[in-house]
Amino acid sequence: MAHLNAYASKDALASALLAFIVERQSHAINRHDRFQVAVSGGSLPSILAQALLSEEAEGQIVWDKWQIFFADERAVPLDDEDSNFGLLKKELLDKLPEGTPQPTVVPIDTDYLDDTQELADQYEQALVRYFAPRDSVLKPIFDLLLLGCGPDGHTCSLFPGHELLRENDAWVAPIEDSPKPPPKRITLTLPVIKHAIKAVFVATGAGKQEILKQIFGDPEGGLPCTLVNHVLEDKVTWFVDYPAVEGVVYHKKSLL
Ligand SMILES: O=C(O)[C@H](O)[C@@H](O)[C@H](O)[C@H](O)COP(=O)(O)O
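Residues numbered from 1 in each chain as written. Predicted model: local features only at pLDDT ≥ 70, side-chain atom pairs only at ≥ 80, totals over all residues. Heavy atoms only, no water.

(A) Highlighting the pairing of strand β3 (residues 66-70). Burial analysis of β3 places five of its five residues in the buried class, the great majority of the element. What you see with β3 is no split at all: W66, I68 and F70 on one side and Q67 and F69 on the other are buried throughout. Across five bridges, the pairing between strand β2 (residues 35-39) and β3 is parallel. Bridging from a neighbouring strand, A38 pairs with F69 of β3. Here β3 runs beside strand β5 (residues 104-105); their pairing, made up of two bridges, is parallel. Residue pairing in the sheet places I68 in a bridge with V105 of β5. (Buried < 20%, exposed > 50% of the residue type's maximum accessible area, 1.4 Å probe, protein only. Helix = DSSP H or I, 4+ residues; strand = E, 2+ residues; numbered from the N terminus. Pairing = 2+ DSSP bridges.)

Below you can see the structure in the form of structure tokens.
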């Protein structure tokens, strides 16, 4: 079962998220001398920045061991305001203190923006290059997935009821009819998510209350976030604030 941790403030949430990430970073570096993470767009990059750029984080993040991939990305240029890469750059990467050893960041190949299938295939090839040499498995094993949860229960660009939820072969899939704009995107698939060592969801604000009630109230339901909880079980930790979790009934909930 997924862990559900609720915090009284965004600061407390960010501090706990930092501690969690630092522990996973050590685990990953011990395992294979690098930290391979996938990040979502939405509000996640800003909370991540709050955690990782805090005073508390000083000296704790081994940035040059990080390899950062995108859990999902929009088929737009990297400097477009809809780009998840652009968002992460603006919120976090551009704010790393001068002289910080740089992380490896793996964006989409924008030569293929007009063909989302090819865009997804190229991103999958990039994953093969970074993961296949060591992980002799059929799927990449991310050390940590850092995910958001949409108000409709979507995560990555896996939307409720969408056929992509049945994808069981590709690592990265295209979507051309995303209900949330922009419509053309690529996304990691559930089989890749399933192989991750750990996953985190961050959900804050009262706007997440209703969907969290559904996700935790019906653990057998088919919402994308519920499916992630289901495939990864106790490898998933939710970091939420009190407004998001109000009224959510769940027996492993802890208020911190
Ligand atoms: O590309 C995207 O559209 C985002 O990655 C998206 O999946 C996001 O993570 C959720 O919509 C949650 O967003 P918020 O955290 O802003 O609610």
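Picking up after the structure, the text goes on.
(B) Local environment of helix α1 (residues 10-32). With 23 residues, α1 extends 32 Å from end C-alpha to end C-alpha; this agrees with the ideal 33 Å at 1.5 Å per step. Two residues or fewer past α1, D33 is found with a positive phi of approximately 60 degrees. (Expected span 1.5 Å × (residues − 1).)

(C) A look at the nonpolar core. Membership of the largest hydrophobic core comes to 87 residues, with the highest contact counts inside it found for F142 and W238. Top contributing element to this core by residue count: α1, with eight residues. When sequence neighbours within four positions are dropped, the list of residues in contact with F142 reads Q36, V37, A38, F69, L127, F131, L188, V192, A196, I197 and K198. (Core = buried A, V, L, I, M, F, W, Y, C linked by side-chain atoms within 4.5 Å. Contact = heavy atoms within 4.5 Å.)

(D) Spatial organisation of the sheet that holds strand β4 (residues 72-74). The sheet built from three strands is open, its strands ordered β4-β8-β7 with antiparallel pairing. Both outer strands of the open sheet, β4 and β7 (172-175), are each paired with one neighbouring strand and no more. Along the sheet, successive strands turn relative to each other by an average axial angle of 20 degrees, direction set aside. For β7 and strand β8 (residues 185-188), the ladder comprises four bridges, and the chain directions are antiparallel. In the strand pairing of β8, A173 is matched with T187. Here helix α4 (residues 116-131) sits on the sheet in contact with β7 and β8, set at roughly 160 degrees to β7. (Axes fitted to C-alpha atoms, helices over the stretch in contact; angles between N-to-C directions.)

(E) Inspection of the site of the ligand at higher detail. The full set close to the ligand counts 15 residues, and G41, S43, D72, R74 and K208 are the nearest of them. The separation between an oxygen atom of the ligand and a polar main-chain atom of C156 is 2.9 Å. Here K208 contributes a side-chain N or O atom positioned 2.5 Å from an oxygen atom of the ligand. When the free accessible area of the ligand is taken as 420 Å², the share hidden by the protein chains comes to 90%. Its atoms largely coinciding with the cavity grid, the ligand occupies the largest pocket. Class assignment for the residues of the shell around the ligand results in two nonpolar, eight polar and five charged. (Near = heavy atom within 4 Å. Polar contact = N/O pair within 3.5 Å; in protein donor to acceptor, adjacent residues only side chain to side chain. Areas by Shrake-Rupley, 256 points an atom, 1.4 Å probe, with all protein chains shown as cover. 1 Å grid on protein atoms, 1.4 Å probe; cavity = no way out; pocket = protein on both sides within 12 Å on 5 of 7 lines; lining within 4 Å. Sits in = over half its atoms within 2 Å of the grid points. Nonpolar A, V, L, I, M, F, W, Y, C, P; charged D, E, K, R; others polar.)

(F) A look at the sheet that holds strand β10 (residues 236-241). Overall, parallel pairing links the eight strands, which are arranged β5-β3-β2-β6-β9-β10-β1-β11 in an open sheet. Two strands close off the open sheet at either side, each with one partner strand: β5 and β11 (253-255). The pairing of strand β6 (residues 144-148) with strand β9 (residues 199-203) spans four bridges and is parallel. Following the sheet pairing, G148 is matched in β9 by V202.

(G) Expanded view of the environment of F239. Along the polypeptide, F239 turns up in strand β10. Taking relative accessible area as the criterion, F239 reaches 2% and is therefore assigned buried. Taking the C-alpha atoms as reference points, F239 and L119, separated by 120 residues in sequence, lie 31 Å from one another. Leaving out residues up to four positions away in the same chain, F239 has contacts with N5, Y7, L13, A16, L17, F20, V200, F201, V202 and A203.

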